[in-house]
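Inside the fold
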Amino acid sequence: MGQIKKAVFPVAGLGTRFLPATKAMPKELLPIIDKPIVQFAVEEAIAAGITELVFVTGRNKRAIGDHFDANLELEMQLAAKGKHQIREMVRNIVPEGVSCIFVRQAEPLGLGHAVLCAAPAVGNQPFAVLLADDLMKGPRLPTQDLVEAFERSPRNLLCVNKVLREEVSNYGIVVPGGEARGNEIPVAGLVEKPDADKAPSLLASFGRYVFEPEIFDVLRTLEPGAGGEIQLADAIDILAKQGKVSALACTAARYDCGAKFGYLSAIVDHAIDHPDYRDAFFALIRDRLAAHDRHQTGRIAGN
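Here is what the cut-offs are and how they apply
Residues numbered from 1 in each chain as written. Predicted model: local features only at pLDDT ≥ 70, side-chain atom pairs only at ≥ 80, totals over all residues. Heavy atoms only, no water. Core = buried A, V, L, I, M, F, W, Y, C linked by side-chain atoms within 4.5 Å. Buried < 20%, exposed > 50% of the residue type's maximum accessible area, 1.4 Å probe, protein only. Helix = DSSP H or I, 4+ residues; strand = E, 2+ residues; numbered from the N terminus. Contact = heavy atoms within 4.5 Å. 1 Å grid on protein atoms, 1.4 Å probe; cavity = no way out; pocket = protein on both sides within 12 Å on 5 of 7 lines; lining within 4 Å. Points joined across faces, edges and corners; volume = space filled by probe spheres on them. Nonpolar A, V, L, I, M, F, W, Y, C, P; charged D, E, K, R; others polar. Axes fitted to C-alpha atoms, helices over the stretch in contact; angles between N-to-C directions. Left-handed = near helix turned anticlockwise from the far one by under 90°.

1. A word on the nonpolar core
Counting residues in each nonpolar core, the largest one holds 49 residues, and the members touching the most others are F9, I32, F55, F68 and C257. If one sorts the elements of this core by residue count, helix 1 (residues 37–47) sits on top with 6 residues. Beyond its immediate chain neighbours, meaning those up to four positions away, C257 contacts F18, I32, I37, D133, L135, G262, Y263 and A266. With 38 residues, the next largest nonpolar core counts V115, A118, V187 and F211 among its residues.

Below, the structure is given as structure tokens:
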């Protein structure tokens with residue numbers, strides 16, 4: 001049996017970069033073709049053996065709970081119309097044996113505060129944190145790697161990957177604490193969104209973590225950091241300075257679905273891999289590019 005059975009999903013953010021689409025709909029329910037962003041993260045956690053899902057929600061987030069709840073009326077209508085395969089898909093969004101808990105973050109006081117809000121539901125147990133905005137794609141997803149690494153040697157763990165120097169100001173950047181051992185890197189600190197010329201490395205922390213429950217004690221004592229919020233990165237930095245944090249290099253593709261271009265990229269790549277739409281989608285892109293080239297050629301000739 002795995003040691004980590006609980007995962008926290010902070011989903012209380014306002015999603016202002018996707019307004020007006022997110023005025024009434026949570027950004028976590030924006031679809032990648034036919035599946036909401038947050039469901040990818042939930043399926044990743046379940047595939048890693050996690051059975052208790054803790055959602056930290058805020059105002060106007062009730063639809064997230066509705067998505068993962070049973071909808072008996074919809075199931076009955078689908079069954080009556082003979083759409084049994086779709087009915088089973090809807091019924092199994094959360095498989096049997098997996099439970100959902102919803103915790104309210106009353107004020108938007110930062111990611112660290114959102115994780116702290118989950119403390120009563122998590123208790124004195126290690127747990128994973130998954131940020132749904134970071135959609136992962138690949139044959140092996142990072143939560144599985146983090147859970148297995150924790151089972152081998154319990155400690156706080158981050159998922160990291162190299163970014164371009166001009167991108168470091170968008171991420172929490174790892175201060176390496178020594179030589180890498182395979183795909184594991186000791187972490188001596190974490191600097192939130194440093195300037196490019198001051199970054200301690202090019203290793204960025206992405207939205208997958210495994211924590212010992214001691215993270216809650218650190219979060220309870222933190223003063224507000226950047227933006228006047230309780231920053232998870234500050235708590236990780238404190239634990240890293242105590243030699244209690246390691247990082248794993250992520251092998252999966254990552255899409256920043258909190259940004260419009262990252263979201264668009266995720267849709268394109270998932271459409272390319274979709275067995276029903278792949279060929280038609282390729283044809284669509286090819287035709288659109290050809291039409292664009294003809295238009296550009298016509299404009300040049302007209303000049």
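2. So, the layout of surface pockets
Taken as a whole, the largest pocket encloses approximately 1400 Å³ of empty space. Considering the residues around the largest pocket, the lining is formed by 44 residues, among which R17, K27, L111, L131 and D133 are closest to the centre. If you list the elements that add at least two residues to the lining of the largest pocket, you get helix 5 (111–117), strand 10 (184–192), strand 11 (203–211), helix 9 (232–241) and strand 13 (253–256). Counting residues per element, the lining of the largest pocket draws most heavily on strand 11, which supplies 4 residues. Broken down by class, the residue content of the lining of the largest pocket amounts to 20 nonpolar, 12 polar and 12 charged.

3. Thoughts on the packing of helix 8 (residues 214–221) against helix 9
Contact geometry of helix 8 with helix 9 gives a least axis separation of 9 Å together with a crossing angle of 115 degrees. For the element pair helix 8 and helix 9, the recorded crossing hand is right-handed. Contacts from E214, I215, V218 and L219 in helix 8 reach L232, A235, I236, I238 and L239 in helix 9.

4. Digging into the environment of P186
The residue P186 is located in strand 10 in this model. Taking the relative accessible area as the measure of exposure, P186 reaches 15% and is therefore buried. If we skip the residues at most four places from it in the chain, P186 touches V175, P176, G177, G178, E179, A180, R181, V245 and S246.

Shape descriptors only; they carry no functional weight alone.
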